[in-house]
Amino acid sequence: MDTFALVVTIAVALFFTYTNGFHDSANAIATSVSTRALTPRAALAMAAAMNLLGAFLGNGVAKTVSEGLIETPAGSKGMGILFAALVGAIVWNLITWYFGLPSSSSHALFGGLVGAALAGGTDVLWNGVLDKVVIPMFASPVVGLIAGYLVMTAIMWLFRRSNPHKAKRGFRIAQTVSAAGMALGHGLQDAQKTMGVVVMALVISGHQTYSDPIPVWVKIVCAVMLSLGTYAGGWRIMRTLGRKIIELDPPQGFAAETTGASIMFTTAYLFKAPISTTHVITSAIMGVGATKRVNAVRWGVAKNIILGWFITMPAAALVAAGAFGVVNLAFL
């Protein structure tokens, strides 16, 4: 039964990674597709490859997820908590994907972990949640907004005497690189989050300890599932990011992607903080758009997106708590 529970939990974790991939694929490529720098399928293929590569670039985010948010629960109850946390995250991912709302898969996972832990009587490491989740949740969009504005302002100043048509052609080519950077950062951040969950499952089942390195097979399967999910695409969310917030041109797309990728790499390596790629790229797009004029950004759409950010963690936590109640009654 213990082995069966471990296999099922890992399978559900990998399915979460798959939903994360198709939910968040828009983060990396929406701006490039909307500016016609890349065709949708070429963009998805490139993003899938970069997600796969990015998953192998570090371990810091995985350790934060596995050790820094909740006490590792023991036995079958612990596996039930982990299973319920993943169910909460998956359900919220599917709901927000259906409505085309670019909410955070990361915060759905964190909310699921907290909700399931509270329902199961496991201690939540509130200092870790505050330092690694809540503060970055508020800080990263602000940084993305300001940095996007500043990067776009710098581009406008540097190319103020350039031929607009030639500049746009150049930035359309440059967007291939900036979109690849976004996808690489997404792989670095989001594949590691699932790696952390799988490591928790292995620790709960007694197959490894936190002092052991992350098994290579865990890195491979998490990276592959994220990559496959990315290639499946997230067309509903892509429309929201690429066109509904603001009509982007190639220089704006390049500025937004460069800003987003820079923030993701910085937080992963310096702070080991599992930030939301959705929050970062969305706020960067808003900051870039505001350089044209403040009312160029469709703030009504932005308001709905921001509302989704705030309700993601508590909503996923409630679903996870309910899922744990069902698991507890049925199996524990």
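Model, not experiment: these values are computed from the prediction.

1. Brief notes about the overall build of the chain
- Scanning the chain from terminus to terminus reveals twelve helices and zero strands.
- Helices (α) and strands (β) of the chain occur, in sequence order from the N terminus, as α-α-α-α-α-α-α-α-α-α-α-α.
- Taken across its 332 residues, the chain has 57% of its residues classed as buried.

2. Remarks on a nonpolar patch on the surface
- The grouping of Leu52, Phe56, Val216, Ile220, Val224 and Leu228 at the surface amounts to a nonpolar patch, some 490 Å² of accessible area in total.
- Per-element accounting of the nonpolar patch gives the leading share, four residues, to helix α8 (residues 216-232).
- The class for Val224 is partly exposed, based on a relative accessible area of 36%.

3. Topic: the nonpolar core
- Membership of the largest hydrophobic core comes to 52 residues, with the highest contact counts inside it found for Leu109 and Leu113.
- Where this core is concerned, the elements lending two or more residues are α1 (2-34), α3 (60-67), α4 (75-98), α5 (105-119), α6 (126-158), α7 (164-204), α8 and α12 (299-331).
- No other element matches α7, which puts ten residues into this core.
- The contact partners of Leu109, leaving out residues within four places of it in the chain, are Phe16, Leu86, Ala89, Lys193 and Val197.
- By size, the runner-up hydrophobic cluster in this structure holds 17 residues, among which are Leu248, Ile263, Ile281 and Val288.

4. Quick word on helix α10 (residues 250-271)
- When the terminal C-alpha atoms of α10 are compared, their 31 Å separation across 22 residues agrees well with the 32 Å that a helix rising 1.5 Å per residue should span.
- Sitting at the head of α10, Asp249 places a side-chain oxygen 3.0 Å from the backbone nitrogen of Gln252.
- Backbone geometry just downstream of α10 places Lys272 in the positive-phi region, at approximately 50°.

5. Description of the side chain of Asn20
- Checked against the element boundaries, Asn20 lands in helix α1.
- Relative accessible area serves as the criterion here: at 1%, Asn20 is assigned to the buried category.
- Of note is the side chain of Asn20, whose polar atom sits 3.2 Å from the side chain of Asp190.

6. Some thoughts on the pattern of salt bridges
- Scanning all chains against the criterion turns up two salt bridges.
- In this structure, Glu67 and Lys63 form a salt bridge, with 2.9 Å as the shortest nitrogen-oxygen distance. Of this pair, Glu67 and Lys63 both sit in helix α3, four residues apart, roughly one helical turn.

7. Details of the confidence of the model for the chain
- Summary statistics for the chain give a mean pLDDT of 85 and a share of 90% for residues scoring 70 or more.
- Taken element by element, the chain is modelled with least confidence in helix α9 (residues 235-244), mean pLDDT 53, and with most confidence in α5, mean pLDDT 92.

Conventions used here
Residues numbered from 1 in each chain as written. Predicted model: local features only at pLDDT ≥ 70, side-chain atom pairs only at ≥ 80, totals over all residues. Heavy atoms only, no water. Helix = DSSP H or I, 4+ residues; strand = E, 2+ residues; numbered from the N terminus. Buried < 20%, exposed > 50% of the residue type's maximum accessible area, 1.4 Å probe, protein only. Patch = residues over 30% accessible without salt bridge, like charges linked within 9 Å, V, L, I, M, F, W, Y side chains within 5 Å. Areas by Shrake-Rupley, 256 points an atom, 1.4 Å probe, with all protein chains shown as cover. Salt bridge = Lys/Arg side-chain N within 4 Å of Asp/Glu carboxyl O. Core = buried A, V, L, I, M, F, W, Y, C linked by side-chain atoms within 4.5 Å. Contact = heavy atoms within 4.5 Å. Expected span 1.5 Å × (residues − 1). Polar contact = N/O pair within 3.5 Å; in protein donor to acceptor, adjacent residues only side chain to side chain. pLDDT = per-residue confidence, 0-100.

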